[in-house]
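# Coordinate inspection notes
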Amino acid sequence: MEEPVTIQSLPYEVVERILSQRCVGVEDVVSCCITSKYMNGVCRRNSLWKTKFIQDYPYTFEYCESMFKEKKAWRANYISLYKCKRKLVQSVLALSRTFVWSMYHDYEWPDIPRRALALYQNLLDVEFADIGGDGRYFILDECRNIINASPQNMELTLKYYAEKLHRHMYDDLVIVDKWMVYLTQPIEDYKYSYEDGIFWVALALRPLPKKWEASTVKFILCQYVNETLIYIKENYPNNPVCFKKIQSNPPWHFVSEWNGEHCREILQAAHDILRHKLGFVVNNSLCESESDHYCIDHVLRHKKGSSKLLLLIELCIGNRLGVYAEVHQNVTDHVLATWKVYYHGQDGSQGYLDSCQQCNKDLSAVSTIVENWEDGETETVDAMEMCRAILRQVVFLTECWLKGERWHAGEPVLYDLYNRETYKQPIRLLFSAWQHVEHWKMSQLYHYMNQLSRISENPRRQGKLLHLNILLRVNSKLTLRKLISFRRTHGQPPKTLNDLMRMLISVDKRARTRVTELKGLLSSSQTNYASLNPLANVPWPHGWPGGEMVQKRRVDRKSLQVQFAVGEVLEQRGGDLCVVYDWDSICVESDDTLVLMGETGLSYGTDQPFYRVLTDGGSCRYLAQENLRHARHPCHIRNPLIGRYFTAFIHPFYLPNPQKAYEYPEDANIREQNALNLKLKFATSE
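Note that the structure is predicted; figures quoted are calculated from it, not measured. Every chain's residues receive numbers from 1 upward, in the order its sequence appears when written. Under the rules for a predicted model, residues below a pLDDT of 70 receive no local features and side-chain atom pairs below 80 are neither given nor counted, while totals for whole chains, interfaces and linings still include all residues. Note: side-chain values were computed over all heavy atoms of the structure, leaving out hydrogens and water.

## Remarks on the overall build of the protein chain
The way it works is that DSSP assigns letters per residue, a run of H or I at least four long becomes a helix, a run of E at least two long becomes a strand, and they are numbered from the N terminus. Counting its regular elements, the protein chain contains 25 helices and 13 strands. Between buried and exposed lies partly exposed: a residue is buried under 20% and exposed over 50% of the maximum accessible area for its type, with that area taken using a 1.4 Å probe on protein chains only. Counting over 686 residues, the protein chain shows a buried share of 52%. All accessibility values rest on the Shrake-Rupley procedure with a 1.4 Å probe; residue burial counts only the protein chains present in the view. Surface accessibility of the protein chain: about 32,500 Å² in total, with carbon and sulfur atoms responsible for 52%.

## A few points about the sheet that holds strand β3 (residues 324–330)
Sheet strands associate in pairs through backbone hydrogen bonding, adopting either a parallel or an antiparallel arrangement. Pairing is antiparallel in the open sheet, where 4 strands are placed in the order β5-β4-β3-β6. The open sheet is flanked by β5 (350–352) and β6 (378–381), the only strands paired with a single partner. Pairwise comparison of adjacent strand axes, ignoring direction, gives a mean angle of 35° for this sheet. Sheet analysis places β3 next to strand β4 (residues 339–344), joined by 6 bridges and oriented antiparallel. Along β4, the bridge assignment pairs Q329 with W339. For two strands to pair, DSSP has to find at least two bridges joining them. All axes are obtained by fitting lines to C-alpha atoms, using only the stretch in contact for helices, and the reported angles, taken between N-to-C directions, cover 0 to 180 degrees.

## As for the pairing of strand β13 (residues 653–656)
As paired strands, strand β12 (residues 646–650) and β13 are joined by 4 bridges and run antiparallel to one another. The partner of F649 across the bridge, within β13, is Y654. The hairpin turn running from β12 into β13, its antiparallel successor, is 2 residues long.

## A few points about the sheet that holds strand β7 (residues 569–571)
Sheet architecture is open: 5 strands sit in the order β10-β9-β8-β7-β11, paired in antiparallel fashion. Only two strands of the sheet have a single partner each, and these edge strands are β10 (620–624) and β11 (629–630). Summarising the sheet, β7 and β11 pair through 2 bridges and their orientation is antiparallel. Counterpart to L570 in the pairing with β11 is H630.

## What to know about the confidence of the model for the protein chain
Per-residue confidence for the protein chain averages 80 on the pLDDT scale, and 84% of its residues sit at or above 70. Taken together, the stretch residues 102–108 has pLDDT below 50 and engages in 20 contacts with residues farther than four places along the chain or on a different chain. Taken as a whole, residues 363–371 scores under 50 in pLDDT and shows 15 contacts with residues more than four places along the chain or in a different chain. How sure the predictor is of each residue is captured by pLDDT, a score from 0 to 100. The contact definition used throughout considers only heavy atoms, calling two residues in contact when any of these lie within 4.5 Å.

## A short note on the environment of I650
As for its position among the elements, I650 is in strand β12. A C-alpha to C-alpha distance of 8.1 Å links I650 and N153, two positions 497 residues apart in sequence. In contact with I650, not counting residues within four places along its chain, are M154 and L655.

## A short note on the pattern of salt bridges
For salt bridges, the criterion is a side-chain nitrogen of Lys or Arg within 4 Å of an Asp or Glu carboxyl oxygen. According to the stated counting rule, one finds 25 salt bridges in the structure shown. For E195, the salt bridge goes to K218, with nearest N and O atoms at 3.1 Å. In this pair, E195 is assigned in helix α11 (residues 194–205) and K218 in helix α12 (residues 214–235), connecting sequence segments 23 residues apart. By relative accessible area, K218 is classed as partly exposed at 22%. For R392, the salt bridge goes to E385, with nearest N and O atoms at 2.7 Å. Connected through shared salt-bridge partners, K552, D582, D584, E589 and R612 make up one network.

## Quick word on the packing of helix α8 (residues 135–148) against helix α9 (residues 156–184)
The interhelical angle for the contact between α8 and α9, taken along N-to-C directions, is 135°, at an axis separation of 8 Å. In terms of orientation, α8 and α9 fall into the oblique class. Crossing hand, α8 versus α9: left-handed. In this structure, α8 uses R136, Y137, I139, L140, C143, R144, I146 and I147 to contact α9, whose residues at the interface are L158, K159, A162, E163, L165, H166, M169, Y170, L173, V174 and D177. Taken together, the residues that form the contact of α8 with α9 break down as 13 nonpolar, 1 polar and 5 charged. Convention used here: angles under 35 degrees read as roughly parallel, angles over 145 as roughly antiparallel, angles from 65 to 115 as roughly perpendicular, and any remaining angle as oblique. Left-handed describes a crossing whose near helix is turned anticlockwise from the far helix by less than a right angle; the clockwise case is right-handed. As a working rule, the residues Ala, Val, Leu, Ile, Met, Phe, Trp, Tyr, Cys and Pro are called nonpolar, Asp, Glu, Lys and Arg charged, and the rest polar, with Gly in that last group.

## Quick word on α8
For α8, built from 14 residues, the straight-helix expectation of 20 Å at 1.5 Å per residue is met to within 8% by its first-to-last C-alpha distance of 20 Å. Where burial is concerned, most of α8 is hidden: 10 out of the 14 residues are buried. Inspection of α8 places G135, Y137, F138, I139, L140, D141, E142, C143, I146 and I147 among the buried residues, and these make up the whole buried set. Residues of α8 that are buried make contact with α4 (46–56), α5 (58–67), α6 (74–98) and α9. A helix is expected to reach a length of 1.5 Å times the quantity of its residues less one.

## Some details on the nonpolar core
Among soluble globular proteins, nonpolar side chains are generally buried collectively. Among the nonpolar cores identified, the biggest contains 179 residues, and Y120, I139, L312, I313, W339, M386 and Y654 are the most heavily contacted of them. Looking at this core, the element that brings in the most residues is α9, giving 13 residues. If sequence neighbours within four positions are ignored, M386 has contacts with Y194, G197, I198, L312, W339 and V381. In this text, buried Ala, Val, Leu, Ile, Met, Phe, Trp, Tyr and Cys residues form a nonpolar core when linked through side-chain atoms within 4.5 Å. Counting residues in hydrophobic clusters, the runner-up holds 8 residues, among them L594, F610, Y622 and A624.

## Brief notes about the side chain of E265
Structurally, the position occupied by E265 is in helix α13 (residues 260–277). A residue counts as positive if it is Lys or Arg and as negative if it is Asp or Glu; His and the chain ends are not included. R264 is the oppositely charged side chain nearest to the buried, salt-bridge-free E265, at an N-O distance of 4.7 Å. Those residues in contact with E265 that lie beyond four places of it in its chain are Y236 and N239.

## Points about a nonpolar patch on the surface
Each patch is built from residues lacking any salt bridge and having more than 30% relative accessible area; the joining distance is 9 Å for like charges and 5 Å for nonpolar side chains (Val, Leu, Ile, Met, Phe, Trp, Tyr). Together, I7, L10, V14 and I18 make up a nonpolar patch on the protein surface, roughly 310 Å² of accessible area in all. Tracing the backbone through its elements, the reader meets V14 in helix α1 (residues 12–19). Taking relative accessible area as the criterion, V14 reaches 37% and is therefore assigned partly exposed.

## Brief notes about unusual backbone geometry
Backbone torsion omega between S150 and P151 reads -5°, so that peptide bond is classified as cis. With respect to the helices and strands, the residue P151 is situated in the loop between α8 and α9. Cis geometry is adopted by the peptide bond preceding P652, which originates at H651 and carries an omega value of 10°. Structurally, P652 can be placed in the loop between β12 and β13. The backbone of E155 sits at a positive phi, close to 50°, despite the residue not being glycine. The residue E155 is located in the loop between α8 and α9 in this model. When its relative accessible area of 44% is taken as the criterion, E155 is described as partly exposed.

## Focus on the environment of Y352
With respect to the helices and strands, the residue Y352 is situated in strand β5. Between the C-alpha atoms of Y352 and V341, which are 11 residues apart in sequence, the distance is 5.7 Å. At a separation of 3.1 Å, a polar atom in the side chain of Y352 contacts the side chain of H328. Distance and chemistry together define a polar contact, namely a pair of N or O atoms within 3.5 Å, with one atom able to donate a hydrogen and the other to accept it when in protein, and with adjacent residues in sequence counting only for side-chain atoms on both sides.

## As for the environment of S307
You can see S307 is positioned in helix α15 (residues 307–320). Judged by relative accessible area, which is 25%, S307 ranks as partly exposed. The spacing of S307 and N283 is 24 residues in sequence and 6.9 Å in space, taken between C-alpha atoms.

## Remarks on the packing of aromatic side chains
What counts as a ring pair is set by centres within 6.5 Å for rings of Phe, Tyr and Trp (its six-membered ring), and what kind of pair is set by the plane angle: stacked under 30 degrees, edge-to-face over 60, tilted for all other angles. In the structure shown here, the tally under the stated rule is 23 aromatic pairs. By way of ring pairs, the aromatic residues W49, F53, Y57, F61, W74, Y78 and F138 are connected into one cluster. One Lys or Arg, K552, reaches over the ring of W583 and ends 5.7 Å from the middle of that ring. One residue, R671, lies across the ring of F653, its end atom 5.6 Å from the ring centre. We call a charge positioned over a ring when the NZ of a Lys or the CZ of an Arg lies within 6 Å of the ring centre and within 35 degrees of the ring normal.

As structure tokens, then:
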């Protein structure tokens, strides 16, 4: 009689391989550990916990491996990190409690000061002393785990502030270090190494998932090389590359292995595979205000990207097949100047790769900035200039994106504050056009310009960055120093500069107060969430200037006319979804703001409730009650500011976070009552 097959009959290595999958969480491993003695033995293997450590804390693992070579007990190290998770969650939520005042004064303080985020850099160093790690890398890894935690419509406030902290830590620990490694290597090693350059551009533009490191990009490129080689064997059987053995990770070729005609065939095959067989599409615009179309990882996944990046991918495929080629552009000052591939054959022949007829018919794939390459002078674009050109194009498109929206106060233009001519204009022009621009949009532009300034020095760009510093209040102390330096350099400036300095001094004073409060919260080692909840009889740290935070109650006749509550998902005119995060019993904004929001020709005028809403497109609006109605099919809204006010989406409405619930204590009953009435109404109609 055959013995029944059980899991105990499997080798340890097979079960460990199953448990090592990314879809199997640590909680699942712990649950398996207590099922049987056999599973307990598997789940205690050091190699299994090393794999889990790499999956959940990749940057911490990379740091530990580089600093400490001895063998480590990865299970004990993982447990030590897991115990720090709760403290980090409480510390991240402390940002919401400390900087809640900024929610109501976007024009005064639109973002969290960098000095506040810098307090987290050494937050957990004491806990990491035993395992020899660095608390900064744990914060970076754990913030990424919080952001990616499922479901996506829960813990929104925690994810909002974790993303703020993650971007700050990522910029300090990853982008700066990686760029320094790239720039400090000999120039001959990276001058024409475009493959490395496009990866560093993606690294600078936005945080990359750890699993999409350079090795993954190289692996996908290797797959495309194999497909290109098959295409060449079918269409160009006499090409000598057909008999070449392809390496998985070859070095960058600085000399071609084939003659000019064969190089042209290889590059043409790479173009045909990428554009016509795999279906890569040109899209030079921003992807929902993000620079995804200029990031190699996103382009390879979604097969859609900028024309320059697609051309570079073709060039990288050709180089892996033994073709040395460069990128050329016409001598022009326009940031959208087109590029072409210029190949160098082994026999001395060289030339441009002509675009195919099918691409010429596609008007979206052809740029009209540079049309004739023969009549004008051309210049070579090396890897570093390629990085600068792509970053310049992203900055240019971001500024155009902001100017493209309808602004009643004029186009939001960045001024060079290091130019004395700027101060001959009224100071209000520096700020009036930016009054209704959401701070997250300005933050995107600031991030791109800051990355460009790392590799391209431009005094005019530094003056624009200083203007963004003032608009965002990201570092008032540093901004003050720059303005004072400007004053000493050029002598006594106009009065407008003095007005700017007085305003920044006031903001800097308030920032020091909030940062001191946050520092006290982080150092107090609170063990429960009560200290972060304003409803738990804890004195409010700050509120409206000169007094406590004002709660909006439905007590007077005007407020009783407010039909909707904070957190309800509504429909605008046209059917677009939005969520209410603030309301006024009557209009409190100016006529210019109403014109900007399209709220003109109202049947009930301004003597009706108005609501501040977050739209599904990522913007904020101020709308009249007559132009809103309950959504028939409410769903989670894509808006970067959702987590600033709400903690979760529980169909059919959002739950306000403790700070927003404190401001609107009576909206909870209205919200639940409306949800019940709508459920009965729609059920009856169906």
